[in-house]
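Reading the structure
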Amino acid sequence: MSAFQHLSVNQLIHMQEATAELQIVDIRDAASFEAGHIDSSFNLSNENISHFIAKADMDLPLVVVCYHGISSQSAATYLNEQGFDNVYSLDGGYSAWHQANA
C-alpha cells in the first residue's frame, strides 16, 4: 500500500470546499512560492520542516504540492513516515493547479 494518495486538482477543490481543516504544504523554492501559490498553503523547506512536523496536527489531511507532481510524491511518503495519517500528493503540482484556476 502506498504511503500517500494521489489527488487531482478537482479532488483538491472539492476537499477544500468540504473541510476547513486541511493542511497544504508547497515544497517549491521560496521565490516560486512567492510568485504564486494555492491559498492557505505553507511553504515547506528543509529549513522549517522540523518545526512544521512538531507543530502540525498529524490527524488532519495533508496535501503536498510541488512544481509538476513528481517531487511531492517523495515528500508525501516522508511525511507519512513522520506520522501524518492522511497524506496526498497533488497530481500535476502547482502548474496543474494554476492552469485550472487561471
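Here is what the cut-offs are and how they apply
Residues numbered from 1 in each chain as written. Predicted model: local features only at pLDDT ≥ 70, side-chain atom pairs only at ≥ 80, totals over all residues. Heavy atoms only, no water. Salt bridge = Lys/Arg side-chain N within 4 Å of Asp/Glu carboxyl O. Buried < 20%, exposed > 50% of the residue type's maximum accessible area, 1.4 Å probe, protein only. Helix = DSSP H or I, 4+ residues; strand = E, 2+ residues; numbered from the N terminus. Arc of directions from axis to C-beta. Contact = heavy atoms within 4.5 Å. Patch = residues over 30% accessible without salt bridge, like charges linked within 9 Å, V, L, I, M, F, W, Y side chains within 5 Å. Areas by Shrake-Rupley, 256 points an atom, 1.4 Å probe, with all protein chains shown as cover. Lys, Arg positive; Asp, Glu negative; His and termini not counted. Charge placed at Lys NZ, Arg CZ, Asp CG, Glu CD. Pairing = 2+ DSSP bridges. Axes fitted to C-alpha atoms, helices over the stretch in contact; angles between N-to-C directions.

On to the pattern of salt bridges, then. Under the criterion given, the structure shown has one salt bridge. A salt bridge links Arg28 to Asp26; its shortest N-O distance comes to 2.8 Å. Since its relative accessible area comes to 5%, Arg28 is described here as buried.

This next bit is on helix 5 (residues 93–101). Along helix 5, the residues classified as buried are Gly93, Tyr94 and Trp97. The arc enclosing the buried residues of helix 5, seen along the axis, measures out at 115 degrees, which places them on a common side. Elements in contact with the buried residues of helix 5: helix 1 (9–18), strand 4 (62–65) and strand 5 (87–90).

So, about a negative patch on the surface. A cluster of acidic residues, Glu21, Asp57, Asp59 and Asp85, forms a negative patch on the protein surface. Its location among the elements puts Asp57 in the loop between helix 3 (49–55) and strand 4. Its relative accessible area of 38% is what places Asp57 among the partly exposed residues.

Strand order across the open sheet formed by five strands is 1-5-4-2-3, with parallel pairing between neighbours. Two strands bound the open sheet, and with one partner strand each, they are strand 1 (5–7) and strand 3 (41–43). When the angles between neighbouring strand axes are averaged without regard to direction, this sheet yields 30 degrees. Where strand 4 and strand 5 come together, three bridges link them in parallel fashion. Across the sheet, residue Val64 finds its bridge partner in strand 5, namely Ser89. Of the strands in this sheet, strand 1, strand 2 (23–26), strand 4 and strand 5 touch helix 4 (residues 71–81), which is tilted by about 175 degrees from strand 5.

Just distances and angles here, no functional claims.
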